[in-house]
There are 2 protein chains.
Amino acid sequence: MTADTFDRYAADRADARFTDWLRERSEPDWTEAVEHGFVAELADGTVDDAVFRRYLVQDYAFVGALVGAFGHAVGQAPTMDAKGSLTEFLGTLTDEENDYFERSFDALGVPDDERADPERADVTEAFEDLLVRAALQGDYEETLAVLVPAEWIYLSWASGTGGTPDEFYLSEWIGLHQDPAFEAFVDWLRGELDRYGPALDERRRRRVERLFRRTVALEVQFFDAAYE
Amino acid sequence: MTADTFDRYAADRADARFTDWLRERSEPDWTEAVEHGFVAELADGTVDDAVFRRYLVQDYAFVGALVGAFGHAVGQAPTMDAKGSLTEFLGTLTDEENDYFERSFDALGVPDDERADPERADVTEAFEDLLVRAALQGDYEETLAVLVPAEWIYLSWASGTGGTPDEFYLSEWIGLHQDPAFEAFVDWLRGELDRYGPALDERRRRRVERLFRRTVALEVQFFDAAYE
(Lines give C-alpha, C1' and ligand atoms only; values in the text may rest on other atoms or scores of the structure.)
Protein backbone atom coordinates (compact mmCIF):
# COMPACT_ATOMS: atom_id res chain seq x y z
CA MET A 1 0.00 0.00 0.00
CA THR A 2 1.20 3.48 -0.85
CA ALA A 3 2.42 5.67 2.00
CA ASP A 4 -0.48 7.29 3.82
CA THR A 5 1.00 10.78 3.70
CA PHE A 6 2.66 12.56 0.81
CA ASP A 7 5.69 13.40 2.98
CA ARG A 8 6.34 9.71 3.63
CA TYR A 9 5.74 8.94 -0.06
CA ALA A 10 8.18 11.65 -1.12
CA ALA A 11 10.84 10.69 1.43
CA ASP A 12 12.43 8.00 -0.79
CA ARG A 13 11.61 9.48 -4.22
CA ALA A 14 13.67 12.19 -5.90
CA ASP A 15 10.92 13.71 -8.06
CA ALA A 16 7.78 12.71 -6.22
CA ARG A 17 4.65 14.14 -7.82
CA PHE A 18 1.72 14.88 -5.55
CA THR A 19 -0.69 13.63 -8.22
CA ASP A 20 1.18 10.32 -8.56
CA TRP A 21 0.74 9.82 -4.84
CA LEU A 22 -2.99 10.63 -5.13
CA ARG A 23 -3.38 8.22 -8.04
CA GLU A 24 -1.68 5.41 -6.13
CA ARG A 25 -3.86 6.14 -3.10
CA SER A 26 -6.92 5.70 -5.30
CA GLU A 27 -6.10 2.11 -6.24
CA PRO A 28 -7.63 -0.36 -6.99
CA ASP A 29 -10.38 1.97 -8.28
CA TRP A 30 -7.97 3.74 -10.63
CA THR A 31 -7.08 0.56 -12.51
CA GLU A 32 -10.71 -0.55 -12.51
CA ALA A 33 -11.68 2.73 -14.14
CA VAL A 34 -9.03 2.86 -16.87
CA GLU A 35 -9.42 -0.86 -17.71
CA HIS A 36 -13.20 -0.94 -17.36
CA GLY A 37 -15.18 -3.32 -19.61
CA PHE A 38 -17.03 -0.33 -21.03
CA VAL A 39 -13.76 1.15 -22.25
CA ALA A 40 -12.69 -2.17 -23.77
CA GLU A 41 -16.01 -2.58 -25.60
CA LEU A 42 -15.86 1.01 -26.77
CA ALA A 43 -12.37 0.49 -28.22
CA ASP A 44 -13.19 -2.69 -30.15
CA GLY A 45 -16.54 -1.33 -31.27
CA THR A 46 -18.61 -4.05 -29.56
CA VAL A 47 -20.40 -1.80 -27.09
CA ASP A 48 -24.15 -2.09 -27.45
CA ASP A 49 -25.78 1.06 -28.87
CA ALA A 50 -28.28 1.11 -26.00
CA VAL A 51 -25.41 1.03 -23.48
CA PHE A 52 -23.47 3.77 -25.21
CA ARG A 53 -26.60 5.90 -25.61
CA ARG A 54 -27.37 5.58 -21.88
CA TYR A 55 -23.77 6.45 -21.06
CA LEU A 56 -23.71 9.47 -23.36
CA VAL A 57 -26.96 10.96 -22.08
CA GLN A 58 -25.74 10.70 -18.47
CA ASP A 59 -22.30 12.02 -19.42
CA TYR A 60 -23.78 15.08 -21.09
CA ALA A 61 -25.82 15.85 -17.98
CA PHE A 62 -22.60 15.50 -15.99
CA VAL A 63 -20.66 17.73 -18.41
CA GLY A 64 -22.80 20.68 -17.30
CA ALA A 65 -21.44 20.30 -13.77
CA LEU A 66 -17.93 19.63 -15.10
CA VAL A 67 -17.94 22.82 -17.19
CA GLY A 68 -19.27 24.64 -14.14
CA ALA A 69 -16.43 23.35 -11.97
CA PHE A 70 -13.89 24.47 -14.58
CA GLY A 71 -15.60 27.88 -14.51
CA HIS A 72 -15.20 28.09 -10.74
CA ALA A 73 -11.56 27.03 -11.20
CA VAL A 74 -11.09 30.08 -13.47
CA GLY A 75 -12.52 32.10 -10.60
CA GLN A 76 -10.14 30.51 -8.09
CA ALA A 77 -6.90 30.18 -10.09
CA PRO A 78 -4.25 32.51 -8.65
CA THR A 79 -2.62 33.65 -11.92
CA MET A 80 -3.84 35.03 -15.23
CA ASP A 81 -1.80 32.35 -17.04
CA ALA A 82 -3.69 29.62 -15.24
CA LYS A 83 -7.03 31.35 -15.86
CA GLY A 84 -6.06 31.44 -19.55
CA SER A 85 -5.20 27.72 -19.75
CA LEU A 86 -8.42 26.75 -17.99
CA THR A 87 -10.42 29.05 -20.26
CA GLU A 88 -8.90 27.47 -23.35
CA PHE A 89 -9.97 24.02 -22.21
CA LEU A 90 -13.43 25.36 -21.35
CA GLY A 91 -13.58 26.48 -24.96
CA THR A 92 -12.97 22.90 -26.12
CA LEU A 93 -15.63 21.52 -23.78
CA THR A 94 -18.29 24.01 -24.84
CA ASP A 95 -17.41 23.99 -28.54
CA GLU A 96 -15.88 20.89 -30.21
CA GLU A 97 -17.03 18.49 -27.51
CA ASN A 98 -20.53 19.96 -27.36
CA ASP A 99 -20.74 19.62 -31.12
CA TYR A 100 -19.73 15.94 -30.81
CA PHE A 101 -22.54 15.34 -28.32
CA GLU A 102 -25.15 16.94 -30.58
CA ARG A 103 -24.13 14.94 -33.66
CA SER A 104 -24.00 11.73 -31.65
CA PHE A 105 -27.42 12.36 -30.11
CA ASP A 106 -28.76 12.88 -33.63
CA ALA A 107 -27.23 9.58 -34.78
CA LEU A 108 -28.50 7.71 -31.73
CA GLY A 109 -31.98 9.27 -31.91
CA VAL A 110 -31.91 11.03 -28.53
CA PRO A 111 -34.84 13.48 -28.27
CA ASP A 112 -34.38 17.08 -27.11
CA ASP A 113 -35.72 16.70 -23.57
CA GLU A 114 -33.36 13.81 -22.89
CA ARG A 115 -30.45 16.02 -23.98
CA ALA A 116 -31.39 19.14 -22.03
CA ASP A 117 -32.49 17.69 -18.72
CA PRO A 118 -32.54 13.89 -18.62
CA GLU A 119 -33.60 11.78 -15.68
CA ARG A 120 -30.31 11.38 -13.89
CA ALA A 121 -28.90 8.09 -12.65
CA ASP A 122 -28.01 8.06 -8.94
CA VAL A 123 -24.31 8.04 -9.76
CA THR A 124 -24.71 11.10 -12.00
CA GLU A 125 -26.40 13.03 -9.18
CA ALA A 126 -23.70 11.93 -6.73
CA PHE A 127 -20.97 12.93 -9.17
CA GLU A 128 -22.50 16.38 -9.74
CA ASP A 129 -22.88 16.86 -5.97
CA LEU A 130 -19.21 16.03 -5.46
CA LEU A 131 -17.99 18.44 -8.14
CA VAL A 132 -20.16 21.37 -7.13
CA ARG A 133 -19.45 20.93 -3.42
CA ALA A 134 -15.70 20.65 -4.01
CA ALA A 135 -15.71 23.88 -6.04
CA LEU A 136 -18.04 25.91 -3.81
CA GLN A 137 -16.85 24.77 -0.40
CA GLY A 138 -13.20 24.56 -1.28
CA ASP A 139 -10.64 26.67 -3.02
CA TYR A 140 -8.49 26.06 -6.13
CA GLU A 141 -6.83 22.90 -4.76
CA GLU A 142 -10.13 21.23 -3.86
CA THR A 143 -11.52 21.99 -7.32
CA LEU A 144 -8.36 20.59 -8.93
CA ALA A 145 -8.73 17.48 -6.74
CA VAL A 146 -11.90 16.53 -8.66
CA LEU A 147 -10.97 17.91 -12.08
CA VAL A 148 -7.54 16.24 -12.30
CA PRO A 149 -8.76 12.63 -11.87
CA ALA A 150 -11.87 13.25 -14.02
CA GLU A 151 -9.68 14.27 -16.97
CA TRP A 152 -6.63 12.11 -16.25
CA ILE A 153 -8.67 8.89 -16.20
CA TYR A 154 -10.03 9.76 -19.65
CA LEU A 155 -6.55 10.44 -20.98
CA SER A 156 -5.33 7.16 -19.46
CA TRP A 157 -7.95 4.83 -20.86
CA ALA A 158 -7.84 6.52 -24.28
CA SER A 159 -4.02 6.31 -24.43
CA GLY A 160 -4.16 2.57 -23.85
CA THR A 161 -6.62 2.07 -26.69
CA GLY A 162 -5.57 0.83 -30.12
CA GLY A 163 -8.80 0.24 -32.01
CA THR A 164 -10.73 2.58 -34.30
CA PRO A 165 -14.38 1.53 -34.28
CA ASP A 166 -16.48 2.27 -37.38
CA GLU A 167 -19.20 4.37 -35.73
CA PHE A 168 -18.12 8.00 -35.56
CA TYR A 169 -19.67 8.45 -32.10
CA LEU A 170 -17.34 5.77 -30.77
CA SER A 171 -14.15 6.64 -32.68
CA GLU A 172 -14.49 10.40 -32.09
CA TRP A 173 -15.09 9.87 -28.38
CA ILE A 174 -11.78 8.01 -28.21
CA GLY A 175 -10.10 10.57 -30.49
CA LEU A 176 -11.13 13.53 -28.30
CA HIS A 177 -9.19 11.94 -25.44
CA GLN A 178 -6.19 10.77 -27.45
CA ASP A 179 -5.56 14.28 -28.73
CA PRO A 180 -2.05 15.71 -28.04
CA ALA A 181 -3.59 19.04 -26.93
CA PHE A 182 -5.73 17.16 -24.40
CA GLU A 183 -2.66 15.28 -23.19
CA ALA A 184 -0.76 18.55 -22.75
CA PHE A 185 -3.69 20.09 -20.89
CA VAL A 186 -4.00 17.17 -18.47
CA ASP A 187 -0.27 17.33 -17.80
CA TRP A 188 -0.58 21.06 -17.10
CA LEU A 189 -3.60 20.47 -14.85
CA ARG A 190 -1.71 17.81 -12.89
CA GLY A 191 1.19 20.25 -12.62
CA GLU A 192 -1.07 22.78 -10.90
CA LEU A 193 -2.06 20.27 -8.24
CA ASP A 194 1.55 19.05 -7.96
CA ARG A 195 2.56 22.64 -7.28
CA TYR A 196 -0.08 23.80 -4.84
CA GLY A 197 -1.06 20.51 -3.17
CA PRO A 198 2.14 19.90 -1.14
CA ALA A 199 1.92 23.46 0.30
CA LEU A 200 -1.45 22.71 1.95
CA ASP A 201 -1.71 21.89 5.64
CA GLU A 202 -2.38 18.27 6.55
CA ARG A 203 -6.13 18.76 7.01
CA ARG A 204 -6.60 20.15 3.52
CA ARG A 205 -4.28 17.54 1.98
CA ARG A 206 -6.57 14.90 3.48
CA ARG A 207 -9.56 16.67 2.01
CA VAL A 208 -7.88 16.77 -1.41
CA GLU A 209 -7.03 13.08 -1.15
CA ARG A 210 -10.63 12.21 -0.21
CA LEU A 211 -12.04 14.25 -3.11
CA PHE A 212 -9.61 12.64 -5.56
CA ARG A 213 -10.40 9.10 -4.38
CA ARG A 214 -14.16 9.67 -4.44
CA THR A 215 -13.92 10.99 -7.99
CA VAL A 216 -12.07 7.86 -9.13
CA ALA A 217 -14.59 5.61 -7.37
CA LEU A 218 -17.48 7.44 -9.03
CA GLU A 219 -15.87 7.07 -12.48
CA VAL A 220 -16.02 3.29 -12.03
CA GLN A 221 -19.65 3.43 -10.91
CA PHE A 222 -20.43 5.76 -13.80
CA PHE A 223 -19.18 3.19 -16.33
CA ASP A 224 -21.03 0.42 -14.44
CA ALA A 225 -24.28 2.37 -14.62
CA ALA A 226 -24.31 2.29 -18.42
CA TYR A 227 -25.13 -1.47 -18.16
CA GLU A 228 -27.93 -1.15 -15.62
CA MET B 1 -36.67 59.69 -10.30
CA THR B 2 -37.20 56.25 -11.76
CA ALA B 3 -39.77 53.99 -10.09
CA ASP B 4 -38.33 52.30 -7.02
CA THR B 5 -39.49 48.82 -8.02
CA PHE B 6 -39.28 47.11 -11.37
CA ASP B 7 -43.00 46.25 -11.24
CA ARG B 8 -43.94 49.93 -10.97
CA TYR B 9 -41.41 50.78 -13.71
CA ALA B 10 -42.84 48.09 -16.00
CA ALA B 11 -46.48 49.02 -15.30
CA ASP B 12 -46.61 51.75 -17.96
CA ARG B 13 -44.03 50.33 -20.42
CA ALA B 14 -44.81 47.65 -22.99
CA ASP B 15 -41.32 46.18 -23.33
CA ALA B 16 -39.69 47.16 -20.07
CA ARG B 17 -36.19 45.72 -19.72
CA PHE B 18 -34.98 44.92 -16.21
CA THR B 19 -31.51 46.22 -17.11
CA ASP B 20 -32.92 49.55 -18.35
CA TRP B 21 -34.59 49.97 -14.97
CA LEU B 22 -31.30 49.14 -13.19
CA ARG B 23 -29.40 51.60 -15.35
CA GLU B 24 -31.89 54.39 -14.63
CA ARG B 25 -31.73 53.57 -10.91
CA SER B 26 -27.96 54.04 -11.06
CA GLU B 27 -28.16 57.67 -12.22
CA PRO B 28 -26.50 60.14 -11.96
CA ASP B 29 -23.47 57.83 -11.59
CA TRP B 30 -24.19 56.10 -14.90
CA THR B 31 -23.91 59.32 -16.90
CA GLU B 32 -20.88 60.42 -14.87
CA ALA B 33 -19.16 57.17 -15.78
CA VAL B 34 -19.88 57.11 -19.51
CA GLU B 35 -19.11 60.83 -19.92
CA HIS B 36 -16.13 60.89 -17.55
CA GLY B 37 -13.28 63.30 -18.29
CA PHE B 38 -10.92 60.33 -18.52
CA VAL B 39 -12.96 58.89 -21.37
CA ALA B 40 -13.07 62.24 -23.17
CA GLU B 41 -9.28 62.66 -22.86
CA LEU B 42 -8.75 59.09 -23.99
CA ALA B 43 -10.87 59.65 -27.11
CA ASP B 44 -9.15 62.86 -28.21
CA GLY B 45 -5.72 61.53 -27.34
CA THR B 46 -4.93 64.19 -24.70
CA VAL B 47 -4.79 61.88 -21.72
CA ASP B 48 -1.46 62.16 -19.96
CA ASP B 49 0.70 59.02 -20.32
CA ALA B 50 1.22 58.91 -16.54
CA VAL B 51 -2.56 58.97 -16.00
CA PHE B 52 -3.20 56.27 -18.59
CA ARG B 53 -0.37 54.14 -17.24
CA ARG B 54 -1.77 54.37 -13.69
CA TYR B 55 -5.23 53.50 -15.00
CA LEU B 56 -4.00 50.54 -17.02
CA VAL B 57 -1.97 49.01 -14.19
CA GLN B 58 -4.97 49.20 -11.85
CA ASP B 59 -7.31 47.93 -14.54
CA TYR B 60 -5.14 44.90 -15.21
CA ALA B 61 -5.14 44.07 -11.49
CA PHE B 62 -8.92 44.39 -11.60
CA VAL B 63 -9.20 42.22 -14.72
CA GLY B 64 -8.01 39.23 -12.68
CA ALA B 65 -11.10 39.56 -10.47
CA LEU B 66 -13.29 40.26 -13.50
CA VAL B 67 -12.11 37.12 -15.31
CA GLY B 68 -12.67 35.24 -12.05
CA ALA B 69 -16.24 36.52 -11.77
CA PHE B 70 -16.92 35.45 -15.37
CA GLY B 71 -15.50 32.04 -14.44
CA HIS B 72 -17.91 31.74 -11.52
CA ALA B 73 -20.71 32.83 -13.88
CA VAL B 74 -19.83 29.83 -16.09
CA GLY B 75 -20.20 27.75 -12.95
CA GLN B 76 -23.59 29.31 -12.14
CA ALA B 77 -25.18 29.69 -15.58
CA PRO B 78 -28.18 27.35 -15.87
CA THR B 79 -27.75 26.27 -19.51
CA MET B 80 -24.91 24.94 -21.64
CA ASP B 81 -25.64 27.66 -24.22
CA ALA B 82 -25.05 30.36 -21.61
CA LYS B 83 -21.91 28.62 -20.36
CA GLY B 84 -20.69 28.60 -23.96
CA SER B 85 -21.33 32.33 -24.53
CA LEU B 86 -19.61 33.26 -21.27
CA THR B 87 -16.67 30.98 -22.11
CA GLU B 88 -16.27 32.62 -25.51
CA PHE B 89 -16.01 36.06 -23.90
CA LEU B 90 -13.60 34.68 -21.29
CA GLY B 91 -11.47 33.62 -24.25
CA THR B 92 -11.37 37.23 -25.48
CA LEU B 93 -10.44 38.54 -22.03
CA THR B 94 -7.63 36.07 -21.53
CA ASP B 95 -6.33 36.15 -25.10
CA GLU B 96 -6.72 39.32 -27.27
CA GLU B 97 -7.25 41.65 -24.33
CA ASN B 98 -4.41 40.15 -22.33
CA ASP B 99 -2.16 40.57 -25.35
CA TYR B 100 -3.20 44.24 -25.56
CA PHE B 101 -2.20 44.79 -21.92
CA GLU B 102 1.21 43.22 -22.42
CA ARG B 103 2.02 45.28 -25.51
CA SER B 104 0.80 48.46 -23.82
CA PHE B 105 2.81 47.76 -20.68
CA ASP B 106 5.87 47.31 -22.90
CA ALA B 107 5.20 50.65 -24.63
CA LEU B 108 4.59 52.44 -21.33
CA GLY B 109 7.61 50.89 -19.60
CA VAL B 110 5.70 49.05 -16.87
CA PRO B 111 8.03 46.57 -15.09
CA ASP B 112 7.03 42.95 -14.43
CA ASP B 113 6.23 43.26 -10.73
CA GLU B 114 3.83 46.13 -11.41
CA ARG B 115 2.02 43.95 -13.95
CA ALA B 116 1.77 40.80 -11.89
CA ASP B 117 0.87 42.17 -8.48
CA PRO B 118 0.82 45.98 -8.29
CA GLU B 119 0.08 48.01 -5.20
CA ARG B 120 -3.66 48.39 -5.52
CA ALA B 121 -5.54 51.67 -5.18
CA ASP B 122 -8.32 51.63 -2.57
CA VAL B 123 -10.95 51.70 -5.29
CA THR B 124 -9.37 48.69 -7.01
CA GLU B 125 -9.50 46.68 -3.77
CA ALA B 126 -13.10 47.77 -3.18
CA PHE B 127 -14.05 46.81 -6.74
CA GLU B 128 -12.43 43.37 -6.44
CA ASP B 129 -14.19 42.82 -3.09
CA LEU B 130 -17.53 43.67 -4.67
CA LEU B 131 -17.05 41.31 -7.62
CA VAL B 132 -15.79 38.35 -5.65
CA ARG B 133 -18.40 38.73 -2.93
CA ALA B 134 -21.22 39.04 -5.48
CA ALA B 135 -20.08 35.86 -7.23
CA LEU B 136 -19.34 33.77 -4.13
CA GLN B 137 -22.21 34.85 -1.90
CA GLY B 138 -24.78 35.11 -4.65
CA ASP B 139 -25.97 33.03 -7.55
CA TYR B 140 -26.06 33.71 -11.31
CA GLU B 141 -28.22 36.85 -11.03
CA GLU B 142 -25.97 38.50 -8.44
CA THR B 143 -22.90 37.80 -10.56
CA LEU B 144 -24.68 39.25 -13.62
CA ALA B 145 -25.57 42.31 -11.52
CA VAL B 146 -21.89 43.28 -11.37
CA LEU B 147 -20.78 41.96 -14.77
CA VAL B 148 -23.53 43.66 -16.79
CA PRO B 149 -22.77 47.25 -15.70
CA ALA B 150 -19.00 46.67 -15.80
CA GLU B 151 -19.19 45.71 -19.49
CA TRP B 152 -22.15 47.85 -20.50
CA ILE B 153 -20.50 51.07 -19.29
CA TYR B 154 -17.46 50.26 -21.43
CA LEU B 155 -19.64 49.62 -24.47
CA SER B 156 -21.53 52.89 -23.81
CA TRP B 157 -18.57 55.23 -23.50
CA ALA B 158 -16.77 53.61 -26.43
CA SER B 159 -19.88 53.83 -28.67
CA GLY B 160 -20.11 57.57 -28.03
CA THR B 161 -16.49 58.08 -29.04
CA GLY B 162 -15.50 59.38 -32.47
CA GLY B 163 -11.76 60.01 -32.24
CA THR B 164 -8.90 57.72 -33.14
CA PRO B 165 -5.85 58.72 -31.10
CA ASP B 166 -2.39 58.03 -32.54
CA GLU B 167 -1.01 55.90 -29.74
CA PHE B 168 -1.98 52.27 -30.25
CA TYR B 169 -2.58 51.76 -26.52
CA LEU B 170 -5.29 54.43 -26.64
CA SER B 171 -6.90 53.60 -29.99
CA GLU B 172 -6.91 49.84 -29.40
CA TRP B 173 -8.44 50.29 -25.96
CA ILE B 174 -11.31 52.16 -27.59
CA GLY B 175 -11.45 49.68 -30.47
CA LEU B 176 -11.75 46.66 -28.14
CA HIS B 177 -14.96 48.21 -26.77
CA GLN B 178 -16.38 49.42 -30.10
CA ASP B 179 -16.19 45.95 -31.56
CA PRO B 180 -19.49 44.52 -32.96
CA ALA B 181 -18.79 41.18 -31.27
CA PHE B 182 -18.40 42.99 -27.92
CA GLU B 183 -21.66 44.84 -28.55
CA ALA B 184 -23.45 41.58 -29.31
CA PHE B 185 -22.01 40.00 -26.17
CA VAL B 186 -23.10 42.88 -23.92
CA ASP B 187 -26.59 42.70 -25.39
CA TRP B 188 -26.69 38.97 -24.73
CA LEU B 189 -25.40 39.50 -21.18
CA ARG B 190 -28.07 42.13 -20.52
CA GLY B 191 -30.64 39.70 -21.94
CA GLU B 192 -29.65 37.13 -19.31
CA LEU B 193 -30.31 39.58 -16.49
CA ASP B 194 -33.50 40.81 -18.21
CA ARG B 195 -34.70 37.22 -18.29
CA TYR B 196 -33.83 35.99 -14.82
CA GLY B 197 -33.94 39.23 -12.81
CA PRO B 198 -37.71 39.81 -12.85
CA ALA B 199 -38.31 36.24 -11.60
CA LEU B 200 -36.41 36.94 -8.36
CA ASP B 201 -38.22 37.68 -5.13
CA GLU B 202 -38.19 41.26 -3.91
CA ARG B 203 -35.28 40.77 -1.48
CA ARG B 204 -32.98 39.44 -4.18
CA ARG B 205 -34.10 42.09 -6.67
CA ARG B 206 -33.03 44.69 -4.11
CA ARG B 207 -29.70 42.93 -3.74
CA VAL B 208 -29.21 42.89 -7.51
CA GLU B 209 -30.09 46.60 -7.68
CA ARG B 210 -27.60 47.42 -4.91
CA LEU B 211 -24.84 45.44 -6.61
CA PHE B 212 -25.52 47.10 -9.95
CA ARG B 213 -25.53 50.62 -8.47
CA ARG B 214 -22.37 50.03 -6.46
CA THR B 215 -20.61 48.77 -9.58
CA VAL B 216 -21.53 51.93 -11.49
CA ALA B 217 -20.41 54.15 -8.59
CA LEU B 218 -17.08 52.33 -8.44
CA GLU B 219 -16.53 52.79 -12.19
CA VAL B 220 -16.68 56.56 -11.64
CA GLN B 221 -14.25 56.36 -8.72
CA PHE B 222 -12.01 54.08 -10.75
CA PHE B 223 -11.67 56.69 -13.50
CA ASP B 224 -11.20 59.41 -10.85
CA ALA B 225 -8.35 57.46 -9.25
CA ALA B 226 -6.25 57.63 -12.41
CA TYR B 227 -5.73 61.33 -11.67
CA GLU B 228 -4.76 60.93 -8.01
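Structure shown above.
To start, this report covers the structure provided alongside it. (Residues numbered from 1 in each chain as written. Chains lettered and ligands numbered in written order. Predicted model: local features only at pLDDT ≥ 70, side-chain atom pairs only at ≥ 80, totals over all residues. Heavy atoms only, no water.)

Some points on the overall build of chain A
Alright, step 1. Helix and strand counts for chain A come out as 13 helices and 0 strands.
Alright, step 2. Reading the secondary structure of chain A in the N-to-C direction produces α-α-α-α-α-α-α-α-α-α-α-α-α.
Alright, step 3. Against the 2.2 N^0.38 benchmark of 17 Å for 228 residues, chain A shows a C-alpha radius of gyration of 17 Å, consistent with a compact globule.
Alright, step 4. Principal-axis analysis of the C-alpha atoms places the extent of chain A at approximately 50 × 35 × 35 Å.
Alright, step 5. The buried share among the 228 residues of chain A stands at 55%.
Alright, step 6. Taking contacts inside chain A between residues at least 6 apart in sequence as the whole, the part at least 24 apart equals 78%. (Helix = DSSP H or I, 4+ residues; strand = E, 2+ residues; numbered from the N terminus. Rg over C-alpha atoms; globule rule 2.2 N^0.38 Å. Buried < 20%, exposed > 50% of the residue type's maximum accessible area, 1.4 Å probe, protein only. Contact = heavy atoms within 4.5 Å.)

Some remarks on the pattern of salt bridges
A side chain with one charge can pair with a side chain of the opposite charge if their charged atoms come near.
Residue and element names in this part refer to chain A.
Alright, step 1. Taken as a whole and assessed by the stated rule, the structure comprises 42 salt bridges over all chains.
Alright, step 2. In this structure, the salt-bridge partner of R204 is E141, at a minimum N-O distance of 3.1 Å. Residue R204 is located in helix α13 (residues 202-225), and its partner E141 is located in helix α10 (residues 140-159); the two are separated by 63 residues in the primary sequence. E141 matches R204 in its accessibility class, with the two residues each being buried. (Salt bridge = Lys/Arg side-chain N within 4 Å of Asp/Glu carboxyl O.)

Considering helix α7 (residues 96-108) of chain A
Alright, step 1. Between the first and last C-alpha of α7(A) there are 18 Å, a value that for 13 residues agrees with the 18 Å anticipated at 1.5 Å per step.
Alright, step 2. All of the buried residues along α7(A) are E97(A), N98(A), Y100(A), F101(A), S104(A), F105(A) and L108(A). Viewed end-on, α7(A) has its buried residues packed into an arc of 155°, placing them on one side of the element.
Alright, step 3. Elements that come into contact with the buried residues of α7(A) comprise α5 (49-76), α6 (80-94), α8 (112-116) and α11 (168-178) of chain A together with α6 (80-94) of chain B.
Alright, step 4. Trailing α7(A) by a residue or two, G109(A) shows a phi angle of about 65°, which is positive. (Expected span 1.5 Å × (residues − 1). Arc of directions from axis to C-beta.)

Overview of a negative patch on the surface
Alright, step 1. Together, D48(A), D49(A), D166(A) and E167(A) make up a region of like negative charge exposed at the surface.
Alright, step 2. With respect to the helices and strands, the residue D166(A) is situated in the loop between α10 and α11. (Patch = residues over 30% accessible without salt bridge, like charges linked within 9 Å, V, L, I, M, F, W, Y side chains within 5 Å. Areas by Shrake-Rupley, 256 points an atom, 1.4 Å probe, with all protein chains shown as cover. Lys, Arg positive; Asp, Glu negative; His and termini not counted. Charge placed at Lys NZ, Arg CZ, Asp CG, Glu CD.)

Some points on the interface of chain A and chain B
Alright, step 1. In this assembly, 18 residues from chain A lie in contact with 18 residues from chain B.
Alright, step 2. The tally of links between chain A and chain B comes to 0 salt bridges.
Alright, step 3. Contributing elements (two or more residues each) for the side of chain A that touches chain B: α5 and α6 of chain A.
Alright, step 4. Counting residues per element, the side of chain A that touches chain B draws most heavily on α5(A), at 10 residues.

Describing the packing of α6(A) against helix α12 (residues 180-196) of chain A
Residue and element names in this part refer to chain A.
Alright, step 1. Between α6 and α12, whose axes approach to 11 Å, the crossing angle comes to 140°. Taken as axis vectors, α6 and α12 run oblique relative to one another. When the axes of α6 and α12 are compared, the crossing they make is left-handed. Across the interface between the two elements, A82, S85, L86 and F89 from α6 touch F182, F185, W188, L189 and E192 from α12.
Alright, step 2. Here the residues of the contact of α6 with α12 sort into 7 nonpolar, 1 polar and 1 charged. (Axes fitted to C-alpha atoms, helices over the stretch in contact; angles between N-to-C directions. Parallel < 35°, antiparallel > 145°, perpendicular 65-115°, else oblique. Left-handed = near helix turned anticlockwise from the far one by under 90°. Nonpolar A, V, L, I, M, F, W, Y, C, P; charged D, E, K, R; others polar.)

Focus: the side chain of H177(A)
Residue and element names in this part refer to chain A.
Alright, step 1. If you trace the backbone, H177 turns up in helix α11.
Alright, step 2. A polar side-chain atom of H177 sits 2.8 Å from the main-chain carbonyl oxygen of W173.
Alright, step 3. Discounting chain neighbours no more than four positions away, the residues touching H177 are E97, Y154, L155, W157, A158 and F182. (Polar contact = N/O pair within 3.5 Å; in protein donor to acceptor, adjacent residues only side chain to side chain.)

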